[in-house]
Amino acid sequence: MRAIVVRKFGATPEVADMPMPEPGPGSVQIQLEAAGVNPFDQRMATGYLDGKLPHDFPMILGVDGAGTIASLGRGVSRFTVGDRVVGKFLTPPAGHGSFAEYAVLPEGATLVSIPNGVPTVTAAALPTAGVTAQDLVDAARIEPGQTVLIVGATGGVGSFLVQLANIAGAHVIATARGPAADQMTRLGAAETVDYTAGPVRDQVTATHPGGIDILFDLVSPPEALTELTTLVRDGGTVYSTIGSASEYALRARDIKGGNMESKGRALELSRLIQRVADGDVVVPIDATVPLADGPAVIGAHGARGKTVLAI
């Protein structure tokens, strides 16, 4: 089968022929039709998991994927052959991911059925970014009427976060520029801030001199996040998804939150994809590219929404 692999940490991703994986007891074999691309895929290729999780080489990349159950291992009861499914393809040992024609997962992994009416390509873009956004909203416990600033709103996580915060009743301020500002408005942002027009902190202060309640920052380094945190009222909430928050400094102002690493699994993914099926959440896909062109988009920057590999 074809797959995108790295042969060692730091190597350039390449398309290679790999053995067909077979399901063992309690596992399912999935014929993949689409795989979502995330920033984590590049981090995985460069060695983020080294020393953190057992891994195999050649390492097949890809965490998010969707397709059809092709065969079952002994004892599987949750799924049947032919079921359409979507999930996270990162279980130890790492290196058997979704950037491939087939993959195997334990039936108890983060793997759920795709509701009728949701295209497989749409489902494949959902797990990592969508569940991270859902985890952030759940952790912040947004109350109707609160003011929420989302920095990095036009990326994969941000596109979902704007929608989910709006659904929770927040007044959403999204950082965006150019055509992306219109997209953020359509997704539920009450305001947009063009970060190329001047410091975000100054622009938000001008329109919200009393401060904001919650800051979700998906992109800023520590120094920039510290500056933006001054927008948040004492007792508010700040979350960074890239480890930029100083939890000691936040606690000094009685600010809740800190650094978020998504732990969402099948329950959260199932809840989120049902929201997609119901039409409450849309999945913004920026580009769909064939598996053969996948190495070129791993680690690429500048996309709005999600990139999906068609397998």
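Here the structure is shown first, and the text comes after it.
Residues numbered from 1 in each chain as written. Predicted model: local features only at pLDDT ≥ 70, side-chain atom pairs only at ≥ 80, totals over all residues. Heavy atoms only, no water.

Undergrad: Could you clarify how one ought to interpret the nonpolar core in this entry?
TA: Soluble globular proteins: nonpolar side chains tend toward being buried together. With 46 residues, the main nonpolar core has Ile-142, Ile-150, Val-162 and Phe-216 as its most contacted residues. When residues of this core are traced back to their parent elements, those giving at least two are α2 (120-124), α3 (127-140), β10 (147-151), α4 (156-167), β11 (171-175), α5 (179-187), β13 (212-217) and α9 (266-277). If one sorts the elements of this core by residue count, α3 sits on top with six residues. Beyond its immediate chain neighbours, meaning those up to four positions away, Ile-150 contacts Leu-161, Val-162, Val-172, Ile-173, Ala-174, Thr-175, Phe-216 and Leu-218. Counting 18 residues, the second-largest nonpolar core is a separate cluster that includes Ile-4, Ala-94, Phe-99 and Leu-309. (Core = buried A, V, L, I, M, F, W, Y, C linked by side-chain atoms within 4.5 Å. Buried < 20%, exposed > 50% of the residue type's maximum accessible area, 1.4 Å probe, protein only. Helix = DSSP H or I, 4+ residues; strand = E, 2+ residues; numbered from the N terminus. Contact = heavy atoms within 4.5 Å.)

Undergrad: Would you mind going over the packing of aromatic side chains with me for this structure?
TA: For any pair of aromatic rings, the description consists of the separation of the ring centres together with the inter-plane angle of the planes. All told, the structure shown has two aromatic pairs when counted by the stated rule. Geometrically, the ring pair formed by Phe-9 and Phe-57 is edge-to-face, given 5.0 Å between the ring centres and 80° between the ring planes. Note that Phe-9 is positioned in the loop between β1 (2-6) and β2 (14-17) and Phe-57 in strand β4 (residues 55-60), a separation of 48 residues in sequence. Since its relative accessible area comes to 37%, Phe-57 is described here as partly exposed. Each ring, one from Phe-40 and one from Tyr-48, has its centre 5.6 Å from the other, and the planes form 80°; the classification is edge-to-face. Phe-40 gets classed as buried once you look at its relative accessible area, which sits at 18%. On the basis of relative accessible area, Tyr-48 is assigned to the partly exposed category, the value being 27%. When the ring centre of Tyr-48 is taken as reference, the NZ or CZ atom of Arg-43 above it lies at 4.1 Å. Across from the ring centre of Tyr-48, 3.6 Å away, lies the NZ or CZ of Lys-52, which sits over that ring. (Phe/Tyr/Trp six-rings, centres within 6.5 Å; stacked < 30°, edge-to-face > 60°. Lys NZ or Arg CZ within 6 Å of the ring centre and 35° of its normal.)

Undergrad: So what exactly am I meant to see when it comes to unusual backbone geometry here?
TA: Most peptide bonds are trans, and most residues other than glycine sit at a negative phi. Of note, the amide linkage connecting Phe-57 to Pro-58 takes the cis form, showing an omega dihedral of -10°. Inspection of the secondary structure assignment puts Pro-58 in strand β4. Between Pro-92 and the following residue, Pro-93, the backbone shows a cis peptide bond with an omega angle of -5°. Positionally, Pro-93 belongs in the loop between β6 (84-88) and β7 (94-96).

Undergrad: For this particular structure, what's the right way to read α9?
TA: Helical geometry note: an α-helix holds 3.6 residues per turn, so side chains three or four residues apart project in the same direction. Here α9 contains 12 residues, and its C-alpha end-to-end distance of 16 Å stays within 8% of the 16 Å for a straight helix at 1.5 Å per residue. Within α9 the residues assigned to the buried category are Leu-269, Leu-272, Ile-273 and Val-276. Each buried residue of α9 sits inside an arc of 95° when the element is viewed along its axis, so together they form one side. Buried residues along α9 sit in contact with β6, β9 (111-113), α2, α3 and α4. After α9 finishes, the residue Gly-279 shows a positive phi value of roughly 85°. (Expected span 1.5 Å × (residues − 1). Arc of directions from axis to C-beta.)

Undergrad: Explain the environment of Leu-49 to me, please; I cannot follow it from the model alone.
TA: You can see Leu-49 is positioned in the loop between α1 (39-46) and β4. For the pair Leu-49 and Phe-9, spaced 40 residues apart in the sequence, the C-alpha separation amounts to 9.4 Å. The residues contacting Leu-49, other than those within four sequence positions of it, are Phe-40, Met-44, His-55, Leu-90 and Ala-94.

Undergrad: What should I look at first to understand the pairing of strand β15 (residues 256-259) in this one?
TA: The side chains of a regular strand alternate, residue by residue, between the two faces of the sheet. Where strand β14 (residues 232-240) and β15 come together, four bridges link them in parallel fashion. Each bridged residue has a counterpart across the sheet, and for Val-238 the counterpart in β15 is Gly-257. In this fold, β14 hands off to helix α8 (residues 247-252), which returns the chain to β15; that crossover is right-handed. (Pairing = 2+ DSSP bridges. Right-handed = clockwise from strand over helix to strand, strands pointing away.)

Undergrad: Would you mind going over helix α7 (residues 222-229) with me for this structure?
TA: Listed as buried for α7 are Leu-225, Leu-228 and Thr-229. On an axial view of α7, the arc spanned by its buried residues comes to 105°, and they lie on one face. Seen from the buried face of α7, the exposed residues on the opposite side, beyond 90 degrees, are Glu-223 and Thr-226. If you follow the buried residues of α7, they end up packed against β10, α6 (200-207), β13, β14 and α8.

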